[in-house]
Amino acid sequence: MSKGGSDSRDGFVQMQQFTTHETVDAVVIGTGAGGAPLLARLAAAGLRVVALDAGKSWSPAQDFVTDEPGQSKLFWNDERLSAGTNPLAFGNNNSGIGVGGSTLHFTAYTPRPQPDDFSLADEFGVGVNWPIGYGHLEPYLGELEEFLGISGPACYPWGPARKSSYPLAPLPLNGAAQLMQRGCKQLGINTSPAPNAALSAPYFQQGVGWRPACKNRGYCQAGCTTGAKSSMDVTYIPLAIHYGAEVRAESFVTSFEFNPAGRITAVIYQHDGREHRQKCHHVFLCGGAIETPRLLLINGLANSSGQVGRNFMAHTGMQVWGQFPEDIRPYKGIPGALISEDMHRPRDADFAGGYLLQSLGVMPVTYASQLARGRGLWGTSLTQTMRGYNHTAGIDILGECLPYDHNFMELSGETDARGLPKPRIHFSTGDNEQRLTAHAEKVMRAIWAEAGAEDTWSFDRNAHIIGTCRMGLDANDSVVDAEGRSFDISNLFIADNSIFPSALSVNPSLTIMALSLYIADCFLEKRHKSRQ
Amino acid sequence: MRDDHYPEGYVQDLLQTPFVNEQTRQLMQERLSVPEVIVPVFFEQEAFITLHAVAGRLLPQPATRRSPIDLAGAFDKKMAGNESNGWRYNDMPPDSEAFPAGLKAIDNMSNTNFGKKFHLLEPACQDRILSDIQAGQCSGEYWNAVVPKRFFEELLTALTEIYYSHPLGREEIGDVSWADVPGWPRPGLNQLEAREPLPVLKHGANE
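Position numbers for residues count from 1 along each chain, tracking the sequence in the order it is written. A letter from A marks each chain and a number from 1 marks each ligand, given out in the order of writing. At least 70 in pLDDT is required for a residue's local features to be given in this predicted model, at least 80 for side-chain atom pairs to be given and counted, and no such filter applies to totals for whole chains, interfaces and linings, which use all residues.

**Considering the overall build of chain B**
Numbering of helices and strands starts at the N terminus; helices are DSSP runs of H or I of at least 4 residues and strands are runs of E of at least 2. In terms of helices and strands, chain B carries eight helices and one strand. Along chain B, from the amino end to the carboxyl end, the secondary structure elements read α-α-α-α-β-α-α-α-α. When its C-alpha atoms are laid out on the principal axes, chain B stretches across 55 × 35 × 35 Å. Counting across all 207 residues of chain B, residues that qualify as buried make up 39%. Exposed residues have 12 or fewer other C-beta atoms within 10 Å of their own C-beta, buried residues have 20 or more, and residues in between are partly exposed; the C-beta atoms are placed from the backbone.

Here is the structure:
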């Protein structure tokens, strides 16, 4: 078999195809922010790699609609059971499916983590430190911003000095962003156009070609039809295919085969109603903070520490909404156009960690659904409030969430359509989350009051899922080491949000991608050394 | 609070323009043309009648609307299709049990409190029952199968999502997000494109 994908005459790259009999160098499970970057990295290094994704491979221009229920196909809708005093919403709240994973529906908000995010225990005496620091990820953050074509300000006001600025100018501010800017200015809170992984101008990308500029559709969370959002399906996946990786869609991994030494020899998966096995030398598990530990727990693997499924976290994510006299039309523009990290470590904080502030546009059904579920409006109070949709703007936070013993994911006794146990997730916020959220609510309400809001209301929620296969230095309390390798199974790696030891006070996507590249490079370096 | 009303019929007109892509147009047209469900597939007839009445209180539709959005019918179809949204409360039974049980409990509660079934009650009495369920202020063995406030939240949310996905629901709120083929070059405050409707003077307010 030839190396690399072959470029055919019409410009399309023919995808490499491996047989299940040949032993490939690596199987990557999941093609989201965790799986896709390393897939491309391994393929570029000449490795024979196959990615398996549970979901479909979409052609957005043909398959996507500008309609929220019409795009529910982008969400991981297999049922999960939500327990605890703050039962967490999954599906469209935080869990995607399809080649590209949750980046198909992410809002594209891509701030960097800050150095102190990695050492919460040192700073506050709660939570845990990461076994790696900002310095390990910094080169990858820069590389990602360049490759993905992140749109952002020329000078970003927070965090350490940057070695390179964002490659594209910021996306235009929509109504919510202008209003938040107005309110913050009155209060002396600094703001900046936010870094977003959506192109403010056409951008040439290696292995992909020219990608078009964003048209400000505002439906990022329901999938991008134009390819301007830098989701994995239009960035690292085509790059990986260009370098000779094979991506198998609709392939749901159920288990593994092992040799007597305990190394994985094959990955077993369902495709087209049949069971297949792909022989391989290494496995990179990138299914996210629920499906990654679920697969391990179902098979009783990599859990000598007892930590698989533990330390489940979900970002504090309160939203505050208001109605304004101005015409806003909140479906327009990149939803999170403005950012403030002034609250990264607020001086008057009575909690550990911090949060960022983000302006929020919103799609109509999502907003209606929140008014119903979150505010409990019904009858004429619901329909009248919704008639003010065009005058609605939001701010939300993205904040720290500590790991607790009482927050974990386990297998329930109920099975799903595949006959596999449904996961049950216990989630109850602690004092720290409650104090942080109370601080944030006060700040957000003050911003909206200054900006001229009427009928302000808050929606307390938790967002991104994190934790469950903690990365650490000690095999007794961690699932993977500082390079993402399982302490128990030497050829199993995990690269996704499940290995985050702490939640970080920023949106996780960019950090997940940086970890993915870092883990790939650590792996390649070791492999190279062992061959010398 | 604002009480905006948008011009009737603009959605139908806009749907015929090149501002809407073909896949999106088809989906919207399907929702507009779907016939009213007379015989439910998932719910039993009795529960379906209750569902209609509950939907009418949760999302009252303008009296002037000639063919109201068939919320109960669309919800029956959704339930028959066994669609999940990816999660459910751990203290609730599966949706296929929870919704029929909750609707039955509403009728039982109505019988106990007012001596007749929910759909036969005056709107004020119906609203009292619904408020009590939302607040979790209801008891009786018929509420053993579901947590009342969770059942209320789930039903309200599901019906709300159906309502505002429907072209008439979108028209009511002045939403044209789906007419996005040229994009929105000016997304800032008070910057409207010609296809974005302005509110009109109030008429035909919701019941």
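**Quick notes on the overall build of chain A**
Regarding its fold elements, chain A presents eleven helices and 22 strands. For the radius of gyration, the atom set is restricted to C-alpha positions; the globular benchmark scales as 2.2 Å times the number of residues to the power 0.38. Rg of the C-alpha trace for chain A: 22 Å, near the compact-globule value of 24 Å for 532 residues, within the 12% margin. The C-alpha extent of chain A, read off along each of the three principal axes, is 65 × 55 × 50 Å. A total of 532 residues make up chain A; the buried ones form 61% of that total.

**Re the interface of chain A and chain B**
Two residues qualify as being in contact provided that their C-beta atoms, derived from the backbone, are within 7 Å of each other. Taken together, the contacts link 60 residues of chain A with 46 residues of chain B. Every element with two or more residues in the side of chain A that touches chain B is listed here: β5 (80-83), α5 (175-187), α8 (364-373), α9 (380-386) and β20 (454-459) of chain A. For the side of chain A that touches chain B, the element with the most residues is α8 of chain A, which contributes six residues. Classification used: nonpolar for Ala, Val, Leu, Ile, Met, Phe, Trp, Tyr, Cys and Pro, charged for Asp, Glu, Lys and Arg, polar for all others including Gly. Its residues placed into classes, the side of chain A that touches chain B shows 22 nonpolar, 22 polar and 16 charged.

**Quick word on helix α6 (residues 123-134) of chain B**
Residues and elements named next belong to chain B. Over its twelve residues, α6 runs 16 Å from end to end, which matches the ideal 16 Å to within 8%, given 1.5 Å per residue. Among all positions of α6, only Q126, I129, L130 and I133 are buried. Seen end-on, α6 carries its buried residues on one side only, within an arc spanning 95 degrees. Residues of α6 that are buried sit in contact with α3 (45-58), α5 (95-114) and α7 (148-165). Expected span of a helix, by definition, is 1.5 Å for each gap between consecutive residues, and there is one gap fewer than residues. Of all possible arcs, the one meant is that of the directions from the helix axis to the C-beta atoms.

**Focus on the nonpolar core**
For the purposes of this analysis, a nonpolar core is taken to be any set of buried Ala, Val, Leu, Ile, Met, Phe, Trp, Tyr and Cys residues that are connected through C-beta atoms within 7 Å. One finds L39, V49, A240 and V283 of chain A together with L159 of chain B to be the most contacted residues of the largest nonpolar core, which totals 206 residues. Of all the elements, helix α11 (residues 509-531) of chain A adds the most residues to this core, at ten residues. When sequence neighbours within four positions are dropped, the list of residues in contact with A240 of chain A reads A36, L39, A40, A43 and A245 of chain A. Listed in part, the seven residues of the second largest apolar core include V11, V20, M28 and A179 of chain B.

**What to know about the environment of V24 of chain A**
Residues and elements named next belong to chain A. Mapped onto the elements, V24 comes out in strand β3 (residues 24-29). Taking C-alpha positions, V24 is 18 Å from H271, a pair spaced 247 residues apart along the chain. Excluding residues that lie within four positions of it along the chain, V24 makes contacts with F18, R48, V49, V50, Q278 and C280.

**Looking at the confidence of the model for chain A**
For every residue, the predictor reports its confidence as pLDDT, a number between 0 and 100. Residues of chain A with pLDDT of at least 70 account for 98%, and the chain-wide mean is 96. Counting interchain partners and residues more than four positions distant, the pLDDT-below-50 stretch residues 1-11 of chain A has 15 contacts.

**Points about helix α7 (residues 288-299) of chain A**
All names here are of chain A. Under the 1.5 Å per step criterion, the end-to-end length of α7 is 17 Å for twelve residues, consistent within 8% with the ideal 16 Å. The element α7 is extensively covered by neighbouring structure, given that nine of its twelve residues are classed as buried. G288, A289, I290, E291, T292, P293, R294, L295 and L296 are the residues of α7 that are buried. In the stretch just after α7, G300 is the one whose phi turns positive, near 60 degrees.

**Side note on the pairing of strand β11 (residues 264-271) of chain A**
Remember that side chains alternate between the two faces of the sheet whenever the strand is regular. Residues and elements named next belong to chain A. DSSP calls a pair of strands paired once it identifies at least 2 bridges connecting them. As paired strands, strand β10 (residues 252-258) and β11 are joined by six bridges and run antiparallel to one another. What sits directly across from V253, in β11, is Y269. Counted between consecutive antiparallel strands, the loop separating β10 from β11 contains five residues, among which G262 sits at a positive phi close to 90 degrees. In terms of strand pairing, β11 meets strand β12 (residues 274-285) through six bridges, oriented antiparallel. Pairing of Y269 across the sheet is with H276, part of β12. Between β11 and β12, which follow one another and run antiparallel, lie two residues, and D272 among them has a positive phi close to 55 degrees.

**Focus: the packing of helix α4 (residues 71-80) of chain B against α7 of chain B**
Residues and elements named next belong to chain B. Running from N to C, α4 and α7 point in directions that differ by 110 degrees, and their axes come no closer than 10 Å. One element, α4, and the other, α7, form an angle in the roughly perpendicular class. With respect to the hand of their crossing, α4 and α7 are arranged in right-handed fashion. Of the residues in α7, those in contact with L71, A74 and F75 of α4 are A158, L159, I162 and Y163. Axes, fitted as lines to C-alpha atoms, cover a helix only where it is in contact. Angles between the N-to-C directions of the axes lie from 0 to 180 degrees. The cut-offs work like this: below 35 degrees is roughly parallel, past 145 is roughly antiparallel, 65 to 115 is roughly perpendicular, and the gaps in between are oblique. Throughout, a crossing is termed right-handed when the near helix is turned clockwise from the far one, and left-handed when it is turned anticlockwise from it by less than a right angle.

**So, the environment of F99 of chain B**
All names here are of chain B. Relative to the helices and strands, F99 resides in helix α5. With 23 C-beta atoms counted inside 10 Å, the residue F99 sits in the buried group. Here the alpha-carbon distance between F99 and L51, two residues 48 residues apart in the chain, equals 9.5 Å. With residues up to four places along the chain from it excluded, the contact list for F99 reads M79 and L155.

**Describing unusual backbone geometry**
Residues and elements named next belong to chain A. The phi dihedral of A302 falls on the positive side, at around 55 degrees, and the residue is not glycine. Relative to the helices and strands, A302 resides in the loop between α7 and β13 (313-316). Judged by the 23 C-beta atoms lying within 10 Å of it, A302 is buried.

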